[in-house]
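Each chain, letter by letter, is given below.
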Amino acid sequence: MNIMDFNVKKLAADAGTFLSRAVQFTEEKLGQAEKTELDAHLENLLSKAECTKIWTEKIMKQTEVLLQPNPNARIEEFVYEKLDRKAPSRINNPELLGQYMIDAGTEFGPGTAYGNALIKCGETQKRIGTADRELIQTSALNFLTPLRNFIEGDYKTIAKERKLLQNKRLDLDAAKTRLKKAKAAETRASIWAEEVTKSEQELRITQSEFDRQAEITRLLLEGISSTHAHHLRCLNDFVEAQMTYYAQCYQYMLDLQKQLGSFPSVYHCNNNQTSVAPIPSASSNVIGSSPLTSTSGLVITSPSNLTDLKECSGSRKARVLYDYDAANSTELSLLADEVITVFSVVGMDSDWLMGERGNQKGRVPITYLELLN
């Protein structure tokens with residue numbers, strides 16, 4: 001019975017406090033009551049914390065989209081995370097493409113040029129898929145997790161203390177209002193003297209509680225600078241993970257380029273036009289030819305230059321556009337920007353010329369050459 005009485009009294013007291021704060025807050029909004037303003041430093045800290053929270057959420061969500069573009073997969077991972085269970089491992093897009101290429105190459109025959117090229121491309125795509133998986137894991141651990149910990153941990157604490165501070169301020173302003181009314185009534189009736197004393201005591205208590213809560217909130221908010229420093233380190237980790245990922249992908253594609261260097265690179269379309277797509281080195285710079293350059297940096301040699309190379313009679317000088325590693329002893333390895341002598345040989349594949357450097361001779365792919373006048 002006593003416990004029940006205590007609970008009822010506490011509930012009634014809490015309801016009274018809530019109602020008093022609601023009234024005070026409403027009167028402030030209507031301009032009918034004075035409001036204690038926070039000091040400028042504390043206001044700036046509150047604004048900085050709110051700004052940090054908003055941008056951290058946006059960066060975190062967009063990073064998740066970048067790492068996992070599939071919204072259904074993100075939802076599934078979120079559900080498993082809330083259930084405190086590990087999401088099942090799924091094959092990613094590069095790995096799936098790689099597997100399709102390998103299966104197709106096997107079906108067409110590893111001994112054929114196209115089948116062999118598909119298998120090599122598929123293996124490279126699977127390596128890129130593995131690198132992509134490592135990027136996601138590293139970024140989630142070193143970048144997303146700290147951001148999420150701030151939103152779900154530190155900022156929730158700040159928001160809680162900020163709410164308490166607002167309640168203490170409302171209590172303080174309510175006490176000021178009551179004291180002001182009591183002093184106004186005291187001039188008309190001596191019976192209000194006791195009420196004035198009571199109100200002054202309540203004001204001192206609420207002022208003390210407000211000051212204490214303001215100090216607690218200020219100390220928490222000043223930790224935002226440390227949060228920024230921590231997030232900066234996490235951002236560096238994220239950039240490093242991306243750098244590693246892109247470097248791996250570049251190296252994989254560079255290796256693939258060398259493996260495919262001996263494959264035919266001229267294909268005839270249905271309209272009998274020739275389309276050539278050589279694979280350049282990172283520092284390729286075509287001078288004196290008319291290349292078509294895409295935004296990715298790939299250089300496509302003009303058809304007229306290829307025709308000149310195919311139809312050249314006798315020996316001509318040619319500049320090497322890209323590095324090329326000989327696939328066998330019948331071919332000649334090339335270095336970008338070197339000048340060699342080339343000539344055609346009767347019966348040789350139209351995609352190749354015979355190259356000569358000093359006493360070294362061997363076949364060279366014409367798409368790696370720029371014919372000099």
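Below, the structure is looked at part by part. (Residues numbered from 1 in each chain as written. Predicted model: local features only at pLDDT ≥ 70, side-chain atom pairs only at ≥ 80, totals over all residues. Heavy atoms only, no water.)

A few words now on the sheet that holds strand β7 (residues 352-357). Strand order in the open sheet made by the five strands is β8-β7-β6-β5-β9, with antiparallel pairing throughout. Because the sheet does not close on itself, it has two edges, and the strands there are β8 (360-365) and β9 (369-371). Averaged over all pairs of adjacent strands, the angle between their axes in this sheet comes to 45°, without regard to strand direction. (Pairing = 2+ DSSP bridges. Helix = DSSP H or I, 4+ residues; strand = E, 2+ residues; numbered from the N terminus. Axes fitted to C-alpha atoms, helices over the stretch in contact; angles between N-to-C directions.)

Together, Ile-54, Trp-55 and Ile-59 make up a nonpolar patch on the protein surface, roughly 290 Å² of accessible area in all. Along the chain, Trp-55 falls in helix α2 (residues 40-67). The exposure class of Trp-55 is partly exposed, given its relative accessible area of 49%. (Patch = residues over 30% accessible without salt bridge, like charges linked within 9 Å, V, L, I, M, F, W, Y side chains within 5 Å. Areas by Shrake-Rupley, 256 points an atom, 1.4 Å probe, with all protein chains shown as cover. Salt bridge = Lys/Arg side-chain N within 4 Å of Asp/Glu carboxyl O. Buried < 20%, exposed > 50% of the residue type's maximum accessible area, 1.4 Å probe, protein only.)

This brings us to the pattern of salt bridges. Applying the stated criterion to the full structure yields 15 salt bridges. Residue Glu-209 is joined to Lys-168 by a salt bridge in which the shortest nitrogen-to-oxygen separation is 3.5 Å. With Glu-209 in helix α6 (residues 193-222) and Lys-168 in helix α5 (residues 113-186), this pair connects stretches of sequence that are 41 residues apart. The partly exposed category is assigned to Glu-209, whose relative accessible area is 34%. When its relative accessible area of 22% is taken as the criterion, Lys-168 is described as partly exposed. For Arg-363, the salt bridge is made with Glu-331, and the minimal N-O distance between the two is 3.5 Å. Note that Arg-363 is positioned in strand β8 and Glu-331 in the loop between β5 (316-320) and β6 (339-343), a separation of 32 residues in sequence. When its relative accessible area of 24% is taken as the criterion, Arg-363 is described as partly exposed. Looking at Glu-331, the relative accessible area reads 6%, which means it is buried. Here the salt bridges share partners, and the residues they tie into one network are Glu-215, Arg-218 and Glu-222.

Two measures describe an aromatic ring pair: the distance that separates the ring centres and the angle between the ring planes. Counted according to the given criterion, the structure contains seven aromatic pairs. Relative to Tyr-114, the ring of Phe-108 has its centre 5.5 Å away and its plane inclined at 20°; by these criteria the two rings are stacked. Under the relative-accessibility criterion, Tyr-114 is labelled exposed at 54%. Connected via pairs of aromatic rings, a cluster forms that spans Tyr-322, Tyr-324, Trp-352 and Tyr-368. A cation over an aromatic ring shows up here: Arg-363 above the ring of Trp-352, its NZ or CZ 4.3 Å from the ring centre. (Phe/Tyr/Trp six-rings, centres within 6.5 Å; stacked < 30°, edge-to-face > 60°. Lys NZ or Arg CZ within 6 Å of the ring centre and 35° of its normal.)

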